[in-house]
Amino acid sequence: MKRILALDGGGIRGVFTLQILARIEELFRLEENKPDLVLGDVFDLIAGTSTGAIIAAFLSWGLSVRELEELYITQSPKMFAKGSWAQQWKSKYKPEAIARFFQEQFTEKDGVTPALLGTRRLRKLLLIVMRNGSTGSPWPVCNNPKAIYNDRTHEECNLDIPLWQLLRASTAAPTYFPPEEIVLAGKTRLFMDGGITPYNNPALIAVLMATVPRFRIEWPAKRELLHVVSVGTGLARARLPGKAASDINLLDHIKYIAPALIGSVAAEQDLLCRVTGDCVHGSVWDSEVGALEMPTLLDAQEQKFTYARYDQPLDTTHPKIKQLPGGQAQLDNLKLIPLLQELGKEYADGHVRKEQLYPRTAGFKPCPCSVTNA
């Protein structure tokens, strides 16, 4: 059986994700009786977008969740370092600070040589999602050595790109950080945040990359042989302000459009996973279709993978979030870290169960804790 871990984008709300991952790591340690087990030992492919890409890379590197959480808490002020007023008209934060952090963390064992995507220090397959702003295309990049663009003889071999650059690119959220320049075959391309691709929730693209023959991984697509765990950063539904339609202005539209599109596409990716897979956990998708926890489009024997989705609304519907200025957990508000830790742990304790981390066997009947309305 193969396991995929897919991690959403969402800035500092990745701290919420880490609480769920800590619970998953704890359950695997207990089940395997290995107190030092890390998620890089368990999952065969770890996919991430933006902040999810950072978490995915560190987990693939072999860090425990608690080690990674410590990095988030101590290093976030450095990563979100504001530039001068002259610089801020281009981007809110300095790219040099976050780039330096990635450069320091992802080196070969000598501590100096930059680790490339093809480094042997990555324990498992790593998928990082970004957008090629120069060509206008999504760019899901994996260290699979059999991939077409990972051929060492290819002039644009992705395995030769420094890992730190790929992470800088995947986290280059527009207005927050400028695009990252990567030279491919002598041409400079501009890469941007993976959140502005269809894969801010990278679960489906991870499944496709693992199973579609063209990607050259070719794992079997059967629910008893492929298990997918997808973790969000706290769902933040975009909502128009409580005004009359005639009072909605250009600024209201600007603030609304990008989050609305990103959230809508991410929700669709989740829906497609539930329809083609076997959903063993997930909140109610909407009031009409429910959680889609039983076979919906495909019969049980036709389902392509087992799927567990963990996420919770962190917008004006949450009692602790509505008290915040603006009523939403902004992706760069470092003051939210203690609240994100609290809410994430509370959610993980109430929702993550051992049986959800394994494909369900023949004749399985969901119990009340298997599928819940978060």
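So, a few notes on the structure that sits alongside this text. (Residues numbered from 1 in each chain as written. Predicted model: local features only at pLDDT ≥ 70, side-chain atom pairs only at ≥ 80, totals over all residues. Heavy atoms only, no water.)

## Comments concerning the overall build of the chain
Across its full length, the chain holds ten helices and nine strands. Since a compact globule built from 374 residues should have a radius of gyration of about 21 Å, the 20 Å found for the chain is in line with a globular shape. Counting only C-alpha atoms and orienting by the principal axes, one finds that the chain spans roughly 60 × 60 × 40 Å. Here the chain, with 374 residues, has 51% of them falling under the buried criterion. Looking at the chain alone, contacts between residues at least 24 apart form 69% of all its contacts between residues at least 6 apart. (Helix = DSSP H or I, 4+ residues; strand = E, 2+ residues; numbered from the N terminus. Rg over C-alpha atoms; globule rule 2.2 N^0.38 Å. Buried < 20%, exposed > 50% of the residue type's maximum accessible area, 1.4 Å probe, protein only. Contact = heavy atoms within 4.5 Å.)

## Some words on the nonpolar core
With 75 residues, the main nonpolar core has Leu-5, Leu-21, Ile-24, Leu-59 and Tyr-310 as its most contacted residues. Top contributing element to this core by residue count: helix H1 (residues 14–32), with nine residues. Setting aside anything within four residues of it in sequence, one finds Leu-21 in contact with Leu-5, Leu-7, Leu-39, Ile-55, Leu-59, Val-65 and Val-231. Judged by nonpolar contacts, the second largest core, of 24 residues, contains Ile-4, Ala-6, Leu-226 and Val-228. (Core = buried A, V, L, I, M, F, W, Y, C linked by side-chain atoms within 4.5 Å.)

## Topic: unusual backbone geometry
Although it is not a glycine, Asn-33 adopts a positive phi angle of roughly 55 degrees. Considering the arrangement of structural elements, one finds Asn-33 in the loop between H1 and helix H2 (39–42). On the accessibility criterion, Asn-33 (68% relative accessible area) is exposed. Look at Arg-216: it is not a glycine, yet its phi comes out positive at around 70 degrees. By relative accessible area, Arg-216 is classed as partly exposed at 38%.

## Focus on a nonpolar patch on the surface
On the surface, a nonpolar cluster with roughly 360 Å² of combined accessible area is contributed by Leu-250, Leu-251 and Ile-254. Structurally, Leu-251 is set in helix H9 (residues 250–276). You can call Leu-251 partly exposed: its relative accessible area is 49%. (Patch = residues over 30% accessible without salt bridge, like charges linked within 9 Å, V, L, I, M, F, W, Y side chains within 5 Å. Areas by Shrake-Rupley, 256 points an atom, 1.4 Å probe, with all protein chains shown as cover. Salt bridge = Lys/Arg side-chain N within 4 Å of Asp/Glu carboxyl O.)

## So, the layout of surface pockets
Over the atoms, a rolling probe the size of a water molecule traces out where space has been left empty. Its volume calculated, the second largest pocket comes out at about 500 Å³. Here the residues of the lining of the second largest pocket sort into eleven nonpolar, six polar and three charged. (1 Å grid on protein atoms, 1.4 Å probe; cavity = no way out; pocket = protein on both sides within 12 Å on 5 of 7 lines; lining within 4 Å. Points joined across faces, edges and corners; volume = space filled by probe spheres on them. Nonpolar A, V, L, I, M, F, W, Y, C, P; charged D, E, K, R; others polar.)

## Remarks on the pairing of strand S9 (residues 306–310)
It is a general feature of regular strands that their side chains alternate between the two faces of the sheet. With five of its five residues buried, S9 lies for the most part within the structure. Neither face of S9 is open: one carries Thr-306, Ala-308 and Tyr-310, the other Tyr-307 and Arg-309, and all of them are buried. Pairing between strand S7 (residues 226–231) and S9: five bridges, direction parallel. Along S9, the bridge assignment pairs Ser-230 with Arg-309. Pairing between strand S8 (residues 278–281) and S9: three bridges, direction parallel. Bridging from a neighbouring strand, Cys-279 pairs with Tyr-307 of S9. (Pairing = 2+ DSSP bridges.)

## Quick notes on the pattern of salt bridges
This structure, assessed with the given rule, holds 14 salt bridges. Salt-bridge contacts for Arg-123 lead to Asp-41; the nearest nitrogen and oxygen are separated by 2.5 Å. With a gap of 82 residues between them, Arg-123 in the loop between helix H6 (95–105) and strand S3 (125–132) and Asp-41 in helix H2 connect regions that are remote in the sequence. Judged by its relative accessible area of 38%, Asp-41 is partly exposed. Taking the shortest distance from any N to any O, the salt bridge between Arg-152 and Asp-160 comes out at 2.3 Å. One continuous salt-bridge network, built from bridges that share partners, spans Asp-8, Arg-309 and Asp-311.

## Quick word on the packing of helix H3 (residues 51–61) against helix H7 (residues 163–170)
Close contact between H3 and H7 brings their axes to 9 Å; oriented N to C, the two are set at 155 degrees. Accordingly, the angle class assigned to the pair H3 and H7 is roughly antiparallel. Where H3 abuts H7, its residues Ala-53, Ile-54, Ala-57 and Trp-61 lie against Leu-163, Leu-167 and Ser-170. A per-class count over the contact of H3 with H7 returns six nonpolar, one polar and no charged. (Axes fitted to C-alpha atoms, helices over the stretch in contact; angles between N-to-C directions. Parallel < 35°, antiparallel > 145°, perpendicular 65-115°, else oblique.)

## As for H7
Think of an α-helix as 3.6 residues a turn; residues three or four steps apart then line up on the same face. When you tally the buried positions in H7, you get eight out of eight residues, the bulk of the element. When we look at burial in H7, the residues that qualify are Leu-163, Trp-164, Gln-165, Leu-166, Leu-167, Arg-168, Ala-169 and Ser-170.

## Describing the packing of aromatic side chains
Throughout the structure, instances matching the rule amount to 13 aromatic pairs. Ring centres of Tyr-93 and Tyr-176 lie 6.4 Å apart, and the angle between their planes is 10 degrees; this geometry places the pair in the stacked category. Here the residue Tyr-93 occupies a position in the loop between helix H5 (85–88) and H6, and Tyr-176 occupies one in the loop between H7 and strand S5 (180–184), the gap between them amounting to 83 residues. Consider the rings of Tyr-93 and Phe-177, whose centres lie 5.7 Å apart with planes at 35 degrees: the pair is tilted. In this pair, Tyr-93 sits in the loop between H5 and H6 while Phe-177 sits in the loop between H7 and S5, placing the two residues 84 residues apart along the sequence. (Phe/Tyr/Trp six-rings, centres within 6.5 Å; stacked < 30°, edge-to-face > 60°.)

## Some thoughts on the packing of H1 against helix H4 (residues 65–79)
Helix-helix packing is characterised by the crossing angle of the two axes and by the distance between the axes. Put simply, H1 and H4 touch, their axes get as near as 9 Å, and they point 165 degrees apart. With respect to their mutual orientation, H1 and H4 come out roughly antiparallel. Judged by the twist between their axes, the crossing of H1 over H4 is left-handed. On the side of H1, the interface is formed by Gly-14, Val-15, Leu-18, Gln-19, Leu-21, Ala-22 and Glu-25, while H4 contributes Val-65, Arg-66, Leu-68, Glu-69 and Tyr-72. The residue makeup of the contact of H1 with H4, split by class, is seven nonpolar, two polar and three charged. (Left-handed = near helix turned anticlockwise from the far one by under 90°.)

Everything listed is a geometric property; what it means functionally is a separate question.
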